[in-house]
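Examining the three-dimensional arrangement
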2 protein chains.
Amino acid sequence: MLAEIITIGDEILIGQIVDTNSAWMAEKLNQAGIRIKQISSVSDDSEHILAALAEAATRADIILITGGLGPTKDDITKKTLADYFNVGMVLNYAALENVSNIFKKYNRPLLEVNRRQAEVPANCEVIQNKNGTAPGMWFEVDGKIYVSMPGVPFEMKYMVEEEVIPKLQAKFKLPVIIHKTILTAGEGESFLAEKIADIEDSLPAHIKLAYLPKLGQVRLRLSADGDDAALLQTEVDSYAAKIIERVKHAVVAEEDIPLEKAVLNFMAQHGLTLSVAESCTGGFISHLITQHAGSSQVFLGGVVSYSNQLKESVLGVQSETLQLYGAVSGETVKEMVEGAVRNFKSDYAVAVTGIAGPDGGSNEKPVGTVWIAAANANKTVTKKFTFGNKRLQNIERSAVWAFFMLINLLKEVEK
Amino acid sequence: MLAEIITIGDEILIGQIVDTNSAWMAEKLNQAGIRIKQISSVSDDSEHILAALAEAATRADIILITGGLGPTKDDITKKTLADYFNVGMVLNYAALENVSNIFKKYNRPLLEVNRRQAEVPANCEVIQNKNGTAPGMWFEVDGKIYVSMPGVPFEMKYMVEEEVIPKLQAKFKLPVIIHKTILTAGEGESFLAEKIADIEDSLPAHIKLAYLPKLGQVRLRLSADGDDAALLQTEVDSYAAKIIERVKHAVVAEEDIPLEKAVLNFMAQHGLTLSVAESCTGGFISHLITQHAGSSQVFLGGVVSYSNQLKESVLGVQSETLQLYGAVSGETVKEMVEGAVRNFKSDYAVAVTGIAGPDGGSNEKPVGTVWIAAANANKTVTKKFTFGNKRLQNIERSAVWAFFMLINLLKEVEK
């Protein structure tokens, strides 16, 4: 079963927002056994939307559309869909009630533009919007399914999970697609490819291997499709086991999770706690950790010690150390990480201090100079990195390496 | 001048990665006066790529392609481009030297798969890759420009900024597109639309207004196109001034910047410093602030006090307060924010404590209960919010409201 995604909105085409909806929908549909053939982003332009709909319908059976359902004048998706299907607009009373209730709840007057949000093309089945005012719309025309949803992510997500996928599953006998991802770190894509070339060559036609590199990490993803989920799972697991055995030293996780989640899982299993002392990463490491539910089991917290004063008062870094060696030094990062273990009473800690840029560098310590440390009560490891001159990239790379260094220290737990 | 973007990669279509390249390229091209007609994401499949190229060429003059240039077997873009143009592959010696140098630098053996990265279709002009091994390719065929670039963001970005846009500017006389964005907060899209309906109706055909809502904020974006940059700027500024006057109470910034950047700019102008005490936002507020260059002028740092122990030891929250009212309470958030101002010696502070979810709620304090505070030495404001049950959304909304509350407190500076 093939689907296409069409996202509508000038804001995407001028680059003002990143389209995160498509990736999310693609993942959910894939899990349900529906492959995405193409994702197209088009402008708030009736003719262009009509052309995109017609093209998508030649390639796929299911067309998911997001965006262009707001109350304002630049949003024209609904009228265009009515034109596409050659039908008129009708008022949907359930949708009107939903809009009215939302405005009542916030004590806002119901404006004419909002009332019009309850109008829909005559041939659609309305998907009520529990998180907003714009109704979703489900069309079945000439054997194709079209679903139009709001572009606001949490309105769309609710509809996809609670309404669209169950309806698609009820309607079609869907094929099975099994993915298995191995997260590696510290080795390049071509090194890994060379190491496992013979395994890759031995894969049957219905199993594919993809390499997904990102900032010092490479994800190896096996994808299999067919009818028998259990059989596919066994096949994929068997090839995955061969790959893992071959590049064991680089494997960080045997599932598709972010690096920091691999750290959290390991530490939770071993009953260990973590704290952080972040200077140039500015809270990013803490944020990566705490976005995961249940992180409080492992993570006690930490300090974003942007100023030297906080390094001294909260972490106990010696003012002499800062004066003699500077805030970006092996001596300072060592005192930071040990101060975190001591003051925050955690089993492990990581610390980062560096010059994220674009300014603040010197000849001796150029932009991109970063010191990272990982420690437990008995051992401290520090390392100097020289990254580039892009601020956000330096922050991200520093976080990745902090987790790497922590993982390597944690591996000693198992020895 | 119209362009299209084609991103290639199964990883996009199964939702494993979010395509951030397209938005970035779209923004840069728009600034250069090139409109993006469509963005299409297609699979690592030769036939599909050929079809996408042919379709894009019917709609646009410039086709930018990213992805599918890695050394591994699933990357087939280059061979497909040679087929599309009906040419053979040739070895590019400059590209080979680049690949060899990179492998030398990292003391890695140059593998056959890497050597093949220096092979390109015979009709292309090579764009050397200063940040990686895969060369970019520039094609001019039948009056259309095709540019193929790696999917790794920082490799692609360098090529677009340093090579592609300058070459396009040299080749075409580009029209001018002027955007002006007004950031508002605290009012809904339809309220704003009703308030400025007459201004919107009075806009000439070459100026468009778009509403871009996101988490309690709405961006109002005016876009004008024509030939005379100065004239367009004057026109857009004049309409923007009318809109700003009409909805002044909701305007947070008169340029396209994030909320936290508006805070940073205001505080830097007034020589004020900020610290934070984050519990359920877990470092996200700090990260939003510190991703901006120069934030250290305003931001002293803060604490991610995930555990109660850190709330007490670093912020000086009374253990009785935590016992009597709980960590998620008006009393605790007040002590947190005042502790931050006092201990971190900042002019202002914000604090957040709540239940981000999905677990940890109770009848009295359900998931989504969040207390937020903003304070200076003389005044503390606290407010309780009841958000939903999605962890990341609760974190994001809490951060937005923390900045709102801070802005409102900061506005008193000017009174």
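In this convention, every chain numbers its residues from 1, walking through the sequence in written order. Chains and ligands are labelled by the order in which they are written, letters from A for the one and numbers from 1 for the other. Local features in this predicted model are restricted to residues whose pLDDT is 70 or higher, and side-chain atom pairs enter the listing and the counts only when it is 80 or higher, whereas totals over whole chains, interfaces and linings include all residues. Side-chain figures throughout are based on the complete set of non-hydrogen atoms in the structure, without hydrogens or water.

What about the relation of the copies chain B and chain A?
- Copy-to-copy superposition: least squares on the C-alpha atoms, limited to residues that have pLDDT of at least 70 in both copies. Here chain B sits on chain A after a turn of 180° about the axis and a move of 0.1 Å along it, with an RMSD of 0.1 Å. What we have between these two chains is a two-fold relation.
- Throughout, a contact is declared for two residues whenever any of their heavy atoms are within 4.5 Å. The fraction of interface residues of chain B whose copies in chain A are also interface residues reaches 98%, indicating that both copies meet through the same surface.

Overview of the interface of chain B and chain A
- Tallying the contact residues gives 93 residues for chain B and 92 residues for chain A.
- Taking both sides of the interface into account, the surface hidden between chain B and chain A amounts to around 7000 Å²; carbon and sulfur atoms contribute 54%.
- Its largest share of buried area at the contact with chain A, chain B owes to B:Ile14, B:Gln16 and B:Tyr306, together 8% of the area lost on that side.
- Definition used for salt bridges: Asp or Glu carboxyl oxygen within 4 Å of a side-chain nitrogen of Lys or Arg. Linking chain B with chain A are four salt bridges. Once two parts are brought into contact, the accessible area they lose, counted with a 1.4 Å probe and summed over both, makes up the buried area.

Examining the domain arrangement of chain A
- These domain boundaries are the output of an automatic or database domain assignment. On domain assignment, one finds that chain A holds domain 1 (2–171), domain 2 (176–253) and domain 3 (259–414).
- Placing the centre of domain 1 of chain A and that of domain 3 of chain A at their C-alpha centroids yields a distance of 44 Å.

Describing the packing of helix H11 (residues 259–269) of chain B against helix H16 (residues 391–411) of chain B
Residue and element names in this part refer to chain B.
- Packing of H11 against H16 brings their axes to within 10 Å, and their N-to-C directions diverge by 30°. In terms of orientation, H11 and H16 fall into the roughly parallel class. Taken as a pair, H11 and H16 cross one another with a handedness that is left-handed. Within the contact between the two elements, H11 uses Leu259, Glu260, Val263, Phe266 and Met267 and H16 uses Val400, Phe403, Phe404, Leu406, Ile407 and Leu410.
- Grouping the constituent residues of the contact of H11 with H16 by class yields 10 nonpolar, no polar and one charged. Think of each axis as a best-fit line through the C-alpha atoms, taken over the contacting stretch in the case of a helix, with angles from 0 to 180 degrees between the N-to-C directions. Secondary structure elements follow DSSP: runs of H or I no shorter than four residues count as helices, runs of E no shorter than two count as strands, and numbering proceeds from the N terminus. Working rule for angles: under 35 degrees goes down as roughly parallel, over 145 as roughly antiparallel, 65 to 115 as roughly perpendicular, anything else as oblique. For any pair of crossing helices, the crossing counts as left-handed if the nearer helix is rotated counterclockwise from the farther one by less than a right angle, and right-handed if it is rotated clockwise. Three classes are used: nonpolar for Ala, Val, Leu, Ile, Met, Phe, Trp, Tyr, Cys and Pro, charged for Asp, Glu, Lys and Arg, and polar for all others, with Gly counted as polar.

As for the sheet that holds strand E3 (residues 62–66) of chain A
- Think of it this way: DSSP has to see at least two bridges between two strands before they count as a pair. As summarised here, the arrangement of the 12 strands in space is E6(A)-E7(A)-E8(A)-E3(A)-E1(A)-E2(A)-E2(B)-E1(B)-E3(B)-E8(B)-E7(B)-E6(B), forming an open sheet in which the pairing is mixed. Unpaired on one side and paired on the other, strand E6 (125–127) of chain A together with strand E6 (125–127) of chain B mark the two borders of the sheet. With direction set aside, neighbouring strand axes in the sheet form an average angle of 15°.
- Bridge analysis of strand E2 (residues 35–42) of chain A against strand E2 (residues 35–42) of chain B gives five bridges, and the strand direction is antiparallel.

Some points on the environment of B:Ser223
Residue and element names in this part refer to chain B.
- With respect to the helices and strands, the residue Ser223 is situated in strand E11 (residues 217–226).
- Residues Ser223 and Gly326, spaced 103 residues apart in sequence, show a C-alpha to C-alpha distance of 50 Å.
- Leave out the neighbours within four places in its chain, and Ser223 touches Ile178, His179, His206, Ile207 and Lys208.
- Here a polar contact is recorded for every N or O atom pair within 3.5 Å, except that within protein the pair must consist of a potential hydrogen donor and a potential acceptor, and residues adjacent in sequence are included only if both atoms are side-chain atoms. Side chain to side chain, Ser223 and His179 meet in a polar contact 2.9 Å long.
- At 3.3 Å, the side chain of Ser223 forms a polar contact with the side chain of Arg221.

Re the pairing of strand E17 (residues 380–386) of chain B
All names here are of chain B.
- Bridge analysis of strand E16 (residues 369–376) against E17 gives seven bridges, and the strand direction is antiparallel. In the sheet register, Ala373 faces E17, and the bridge partner there is Thr382.
- In this antiparallel pair of consecutive strands, E16 and E17, the connection spans three residues.

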